[in-house]
Amino acid sequence: MNVREAIEKRRTIRKFEQKEVDISLLTDLIDCARLAAYGANLQPLKFKIITDAETAGKLFENIKWAAYLPDGTPKSDEMPAAYIAVLGDTKIKANAQFECDAGAAVTTMMLEAVDKGLATCWLGAINRDNIHKILALPDDLRVAYLLAVGYPKQESVICGMSDGGVKYYEDENGVIHVPKRSLEDIII
Ligand SMILES: Cc1cc2nc3c(=O)[nH]c(=O)nc-3n(C[C@H](O)[C@H](O)[C@H](O)COP(=O)(O)O)c2cc1C
């Protein structure tokens, strides 16, 4: 798979096979994030892998899934095998501006995941304070994002956008359609 193919194939998935993801694969995603672009090359992020069901269940309570779908939240037999918490280290970056760095890291992990047959969901609608407590993190680490990881139990495809409608939707076969703006619309 070349990079272009991975970019096109990568779609947000929110329903997962109930199958473990080998820890070496999860570690590989983080190893790729390690090589991403970071402002001033500070590399201010830390990562925590969560696979145990009890902690994952507590995280789940603090996540909002699929704002545009009536039925987008994973059910008990659709849960991700793992979460990767992306954490900003204020000892390295005192201003705590982690958004761009975390975006580079998450994107890099998502593309590597595609190549490994894995699916991901980047999660930002999360209760960061609660997650900080659940993960018993030290004060100098801030929760930036969670990345849900697992084997896909759902299909999602790109579609054209009509009338500027950005809402992704599920068709009668359970396939998610994600509208993307046209090239003509975004080059000025
Ligand atoms: C910063 C950011 C935060 C996101 N947070 C959530 C979230 O909390 N819950 C969720 O279900 N999806 C979340 N997503 C996934 C987006 O909904 C998804 O990327 C978008 O609908 C486009 O679909 P695609 O990733 O398949 O291209 C987030 C994506 C980004 C970039």
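Below is a short write-up of the structure. (Residues numbered from 1 in each chain as written. Predicted model: local features only at pLDDT ≥ 70, side-chain atom pairs only at ≥ 80, totals over all residues. Heavy atoms only, no water.)

## Focus on the sheet that holds strand β7 (residues 176-180)
Pairing between the strands of a sheet is mediated by backbone hydrogen bonds and can be parallel or antiparallel. Taken together, 3 strands build an open sheet; the order of strands is β5-β7-β6 and the sheet is mixed. With one partner strand each, in any of the chains shown, β5 (156-160) and β6 (169-170) form the two edges of the open sheet. Where β6 lies against β7, 2 bridges are found, and the strand directions are antiparallel. Within β7, the residue paired with E170 across the bridge is I176. (Pairing = 2+ DSSP bridges. Helix = DSSP H or I, 4+ residues; strand = E, 2+ residues; numbered from the N terminus.)

## Digging into the side chain of R11
Relative to the helices and strands, R11 resides in the loop between α1 (3-9) and α2 (23-33). Here the side chain of R11 touches E8 through a polar contact of 3.0 Å, landing on its backbone oxygen. Each residue touching R11, except ones within four places of it in the same chain, is listed here: T120, S156, V157, I158, V178 and K180. (Polar contact = N/O pair within 3.5 Å; in protein donor to acceptor, adjacent residues only side chain to side chain. Contact = heavy atoms within 4.5 Å.)

## Observations regarding the packing of aromatic side chains
Considering all chains together, one arrives at 3 aromatic pairs under this definition. Where F60 meets W65, the ring centres are 6.2 Å apart and the plane angle is 40 degrees; that geometry is what we call tilted. For F60, a relative accessible area of 17% translates into the label buried. A relative accessible area of 7% places W65 in the buried class. (Phe/Tyr/Trp six-rings, centres within 6.5 Å; stacked < 30°, edge-to-face > 60°. Buried < 20%, exposed > 50% of the residue type's maximum accessible area, 1.4 Å probe, protein only.)

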